[in-house]
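Inside the fold
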Amino acid sequence: SVATYGIEEVLEALESMVTYRTTMWEKTRTFEKMFGEKFGGEAVMVISGSSADLLIAFALHERSGGPLHSGDEILIPAVTWPTHLWAALMCGYSAVLVDVDPATMNIDFVDLESKITPRTRAISLVHLMGNPVNMDKISDLCRRHDLLLIEDCCESLGATWKGQYVGTFGVASAFSFFFSHHITTMEGGMILTQDPDFAERLRLLRAHGWSRNLVTPPDTTEGLDPRYTFLNWGFNVRPTELQAGFGIVQLGRVDEFQAARKRNAAVAQCRLESHKSWISLMKVPFEGECSWFALPILINQGSPISRDRLAAFLEERGVETRPVVTGNLARHPATLRFSDVLATGSLPGADAVHERGLYIGIHPVESETAVNQVFDLFDELVRQVVQEG
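Calculation criteria
- Residues numbered from 1 in each chain as written.
- Predicted model: local features only at pLDDT ≥ 70, side-chain atom pairs only at ≥ 80, totals over all residues.
- Heavy atoms only, no water.
- Helix = DSSP H or I, 4+ residues; strand = E, 2+ residues; numbered from the N terminus.
- Rg over C-alpha atoms; globule rule 2.2 N^0.38 Å.
- Buried < 20%, exposed > 50% of the residue type's maximum accessible area, 1.4 Å probe, protein only.
- Contact = heavy atoms within 4.5 Å.
- Areas by Shrake-Rupley, 256 points an atom, 1.4 Å probe, with all protein chains shown as cover.
- Lys, Arg positive; Asp, Glu negative; His and termini not counted.
- Charge placed at Lys NZ, Arg CZ, Asp CG, Glu CD.
- Disulfide = S-S within 2.5 Å.
- 1 Å grid on protein atoms, 1.4 Å probe; cavity = no way out; pocket = protein on both sides within 12 Å on 5 of 7 lines; lining within 4 Å.
- Points joined across faces, edges and corners; volume = space filled by probe spheres on them.

1. As for the overall build of the chain
- Within the chain, the secondary structure is distributed over 13 helices and 14 strands.
- Relative to a compact globule of 389 residues, whose C-alpha radius of gyration would be 21 Å, the chain shows 22 Å and is just as compact.
- Along the first, second and third principal axes, the C-alpha set of the chain runs to 85 × 55 × 35 Å.
- In the chain, which comprises 389 residues, the share counted as buried stands at 54%.
- In the chain, of all internal contacts separated by at least 6 residues, the share reaching a separation of at least 24 is 71%.
- Counting only carbon and sulfur atoms, one obtains 54% of the accessible surface of the chain, whose full area is about 17200 Å².
- Separation of charge centres in the chain, based on 34 positive and 49 negative side chains, amounts to 0 Å.

Okay, here's the thing in structure tokens:
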């Protein structure tokens, strides 16, 4: 990953600094409006994708006034970023980890349906690595079992299912603008919802429960200063104008970035086709359009080349690798602390991703020549293994 921002983004940030308007202001509202118009819905900007997950969880709770209550059960994929899970637990829900299909890296539908119980109230979904989940199946499950749907789209900005953007199917969705994501505001995130009232709840939670950040503040403040009226509890996860300025410029380039990611992913798929006996690439559903956050690779069982050897070989030659997000979250020490509110069980698909998966970058700018140089290394490793006999 290298920087995808340039002088325009820097000048936007500097303009906010020299005019002394650095806290959430007009640029934030402009970026929110642009984002909502582009991807469909009402957008609320926050400081990270993690805080987006957190606000969604609390906005669905709102003490006893929301559709979810303390102790309600939420189903969450076992392979996801941990704050996706922590948000649910911090809000007082119980969680059940659901297995994933190693072929798609996304939630396993057989395991998902088997874990729906009378206590289950919601599915908190993730479109991993930019790969859209089969939303026909998810929507059907939610209708049949009367479940709320939350989407984590932190890795899937711009992905679609049958032409509809992910993040627009559920009650709300979370996006991340971290440095290496589809667009960057350095740190930053967005919540997208189709419900204006829910968006107002989010705005209260974003800034202290402060009424002045609402689109439609209450008419009566009962003698209180309207600039300092608090209607609810809340956090302080307001973004800065510097972040929003970056976002305004970056959003204008998102289609360019997506096209480059798609082009570079196609090069990768073509180059690695000859190695499919020992590695598998993520399978994208026919009805979906992947936004290629990265290139996840799964080492096939029985392969003469292990995941660790591939990772070491690439790293020694300057190509960084990562695990597929966290691997199986149930295998991390932190999850043991919450055994009273977190159910795990057998997760063989997540274990496969944990033990045999890694990913490398899909660059949103670099040329085909540079991308090919990376995959020349795969050919070199295979030759080395063949020579070893």
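2. Let's talk about the state of the cysteines
- Considering all chains together, one arrives at zero disulfides under this definition.
- For the unlinked cysteine Cys153, the closest cysteine sulfur is that of Cys154, found at 7.6 Å.
- Residue class for Cys153 comes out buried when judged on its relative accessible area of 1%.

3. A few points about the layout of surface pockets
- Each pocket or cavity is described by its volume, and for the second largest pocket that value is around 520 Å³.
- Residue lining of the second largest pocket: 20 residues in total, with Met24, Trp25, Arg29, Arg212 and Asn213 positioned closest to the centre.
- Elements represented by at least two residues in the lining of the second largest pocket include exactly helix H2 (26-39), strand E1 (42-46) and helix H7 (196-206).
- Among the elements that take part in the lining of the second largest pocket, H2 stands out by supplying four residues, more than any other.

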